[in-house]
Amino acid sequence: MKVLKFGGTSVGSARRIKDVAKLICDGTPKIVVLSAMSGTTNTLVEISDYLYKKNSDGANETINNLEKKYMQVIDELYATEEYKQKTLKDVRAHFDYIRTFTKDLFTLFEEKVVLAQGELISTAMMNYYLLENGVNSVMLPALDYMKTDKNSEPDTAYIKKNLQELLDKNKNADIYITQGYICRNAYNEVDNLQRGGSDYSASLVGAAIRAEEIQIWTDIDGMHNNDPRYVENTAPVRQLHFEEAAELAYFGAKILHPTCILPAKLNNIPVRLLNTMKPEAPGTVIFNQSVPRKIKAVAAKDNITAIKIKSGRMLLAYGFLRKVFEIFESYQTSIDMVTTSEVGVSVTIDNTKHLQEILDDLRKFGTVTVDEDMVIICVVGDLEWSNVGFESEAMKAMKDVPVRMISYGGSNYNISFLVRSKDKKMALQSLSKYLFENK
Ligand code: ADP
Ligand code: ASP
Ligand code: MG
């Protein structure tokens, strides 16, 4: 069975929901993972903000506006009064539930419940639409099988067992619909897999059922060779190795959630990125083969902080790096890039929650300097070290960009540059010019 995930824009209007329904009803059973309609989760975040600030007027107005949008979509989507009424009743109940939070204490726990409503609503709407059109559609409630453990990692054994039980109970369905993004945590509370996490849901579902393929349907024809939001004339990359796609997703290619590749890779399930607006386009396939001797794509990760620790005695001081890394570990702060010299080490982090404490501890070992507002530019492809010339091509593209750090050789698939965020666009454009244009 295949798993197909449709993102926010793919279900962003009545028209789009109808298009997705047409696309998925091809006679073969499949699991369909849906995001909330586009803009919904952002609005739910906004509502939560009002609720944290105890501004119930602001919250109510935003809830009412969002509800109004849904009423219009429902009016347009269903042909029969029966299904219109069924859906209205259901969706109204979700909005009334959100309204109850204007009266009580609002904490992180309630926020997660509010954030979950978008996917609960979009899947209910799709399910009713399919049923109205005679499709035997069955809902697989994500809150009944998708779970994280005490480390906020997916509890894969639980997911597999509970999802399989749900499937066994509902044999012979044409389509199984389920929510992306939402889950329960180790304490059985409603939780989520982080913003953009529906991709992750799809790959966890795919891994749990050993799917034949995981498809991520979105608003663009596959993974492009650079970020289309900053660079013109980007082009789709047709094939990527799991490792290449994972690097790109981690380093900012928004089309994929950073963690979504791992479950697919571990189970050797191909991931296909496809365009809902152009279903016939080939998209990108991600699997365990690399197109050799080729740079595939560039991505950028924002909000990076670089920290340099200089110690005159580093050369002789074995154990220095361990001590430095232990400080980051003790504050549960992961490091993205590392470069070393005889006198010091530079690292980058994206989580600055404990920056002050980290800096205080690091100062015991040497002189510390910090550069904020940086960006990691990641060039991805077959960069195995015996392939001569590829890293120098990437370097050439950076000739006019002030580069703070360079990292190469950590994997066979990437070379990373750390630059100021104000130079990000120039760096991305220059890399496209040197690496992809006229090739
Ligand atoms: P969805 O709502 O379907 O999950 P997203 O907005 O999360 O969609 O991801 C798709 C968007 O990712 C595209 O519209 C595009 O602007 C952006 N994007 C950033 N980098 C890339 C890339 N390298 N290739 C394709 N899309 C990218
Ligand atoms: N709806 C969630 C978000 O906007 C999850 C997703 O779209 O993947 O982040
Ligand atoms: Mg997304």
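These numbers come from a predicted model, not from an experiment.

**Q** For the packing of aromatic side chains, give the residues involved together with the corresponding values.
**A** Applying the stated criterion across every chain, the model contains eight aromatic pairs. An angle of 20 degrees between the planes, with centres 5.7 Å apart, marks the rings of F6 and W217 as stacked. With F6 in strand β1 (residues 2-6) and W217 in strand β7 (residues 213-218), the pair connects residues that are 211 residues apart, well separated along the chain. Of the residues examined, W217 reaches a relative accessible area of 5% and is grouped as buried. For the ring pair Y52 and F106, a centre distance of 5.0 Å and an interplane angle of 80 degrees mean the geometry is edge-to-face. Residue Y52 is located in helix α2 (residues 40-52), and its partner F106 is located in the loop between α4 (81-100) and α5 (108-132); the two are separated by 54 residues in the primary sequence. Note on Y52: relative accessible area 34%, which makes it partly exposed. Among the aromatic side chains, those forming a connected cluster through ring pairs are Y52, Y97, F101 and F106. A cation over a ring is seen here: K86 above Y83, with NZ or CZ 4.6 Å from the ring centre. Between the NZ or CZ atom of K147 and the centre of the ring of Y158, over which it lies, the distance is 5.1 Å.

**Q** Please give an account of the site of ligand 1 that cites residues and values.
**A** Close contacts around ligand 1 come from 16 residues, with K5, T218, D219, H224 and K254 the closest. One nitrogen or oxygen atom from the main chain of G8 is found 3.3 Å from an oxygen atom belonging to ligand 1. Here an oxygen atom of ligand 1 and a side-chain polar atom of D219 are 2.8 Å apart. Protein chains bury 85% of the 580 Å² of accessible surface belonging to ligand 1 in isolation. Along the lines of polarity and charge, the residues of the shell around ligand 1 split into five nonpolar, six polar and five charged.

**Q** Before we move on, can you summarise the layout of surface pockets with the specific residues and values?
**A** A volume near 320 Å³ is recorded for the second largest pocket. Together, 16 residues line the second largest pocket, and K294, I295, K296, L435 and F436 are the ones closest to its centre. The residue inventory of the lining of the second largest pocket, partitioned by class, reads eight nonpolar, two polar and six charged.

**Q** An account of the packing of helix α12 (residues 390-397) against helix α13 (residues 424-435) is needed here, citing residue identities and associated values.
**A** At a closest axis distance of 8 Å, the pairing of α12 and α13 adopts a crossing angle of 135 degrees. Relative to α13, α12 is oriented oblique. The two elements α12 and α13 cross, and the hand of that crossing is right-handed. Within the contact between the two elements, α12 uses E393, A394, K396 and A397 and α13 uses S430, L431, Y434 and L435. Class assignment for the residues of the contact of α12 with α13 results in five nonpolar, one polar and two charged.

**Q** Give me unusual backbone geometry: which residues, what numbers.
**A** Phi is positive for Y181, which is not a glycine, with a value near 75 degrees. Position of Y181 among the secondary structure elements: in the loop between β4 (175-179) and β5 (182-184). Positive phi, close to 55 degrees, is recorded for R293, a residue that is not glycine. Tracing the backbone through its elements, the reader meets R293 in the loop between β10 (284-287) and β11 (295-310). Owing to a relative accessible area of 48%, R293 belongs among the partly exposed residues under this scheme.

**Q** A description of the side chain of E132 should follow, citing residues and the corresponding values.
**A** Within the fold, E132 resides in helix α5. Salt bridges are absent for the buried E132, whose nearest opposite-charge side chain, K84, sits at 7.7 Å. There is a polar contact of 3.0 Å between the side chain of E132 and the backbone nitrogen of A79. Apart from residues lying up to four places away in sequence, E132 is in contact with L77, Y78, A79, T80 and Y83.

What counts and what doesn't
Residues numbered from 1 in each chain as written. Chains lettered and ligands numbered in written order. Predicted model: local features only at pLDDT ≥ 70, side-chain atom pairs only at ≥ 80, totals over all residues. Heavy atoms only, no water. Phe/Tyr/Trp six-rings, centres within 6.5 Å; stacked < 30°, edge-to-face > 60°. Helix = DSSP H or I, 4+ residues; strand = E, 2+ residues; numbered from the N terminus. Buried < 20%, exposed > 50% of the residue type's maximum accessible area, 1.4 Å probe, protein only. Lys NZ or Arg CZ within 6 Å of the ring centre and 35° of its normal. Near = heavy atom within 4 Å. Polar contact = N/O pair within 3.5 Å; in protein donor to acceptor, adjacent residues only side chain to side chain. Areas by Shrake-Rupley, 256 points an atom, 1.4 Å probe, with all protein chains shown as cover. Nonpolar A, V, L, I, M, F, W, Y, C, P; charged D, E, K, R; others polar. 1 Å grid on protein atoms, 1.4 Å probe; cavity = no way out; pocket = protein on both sides within 12 Å on 5 of 7 lines; lining within 4 Å. Points joined across faces, edges and corners; volume = space filled by probe spheres on them. Axes fitted to C-alpha atoms, helices over the stretch in contact; angles between N-to-C directions. Parallel < 35°, antiparallel > 145°, perpendicular 65-115°, else oblique. Left-handed = near helix turned anticlockwise from the far one by under 90°. Contact = heavy atoms within 4.5 Å. Lys, Arg positive; Asp, Glu negative; His and termini not counted. Salt bridge = Lys/Arg side-chain N within 4 Å of Asp/Glu carboxyl O.

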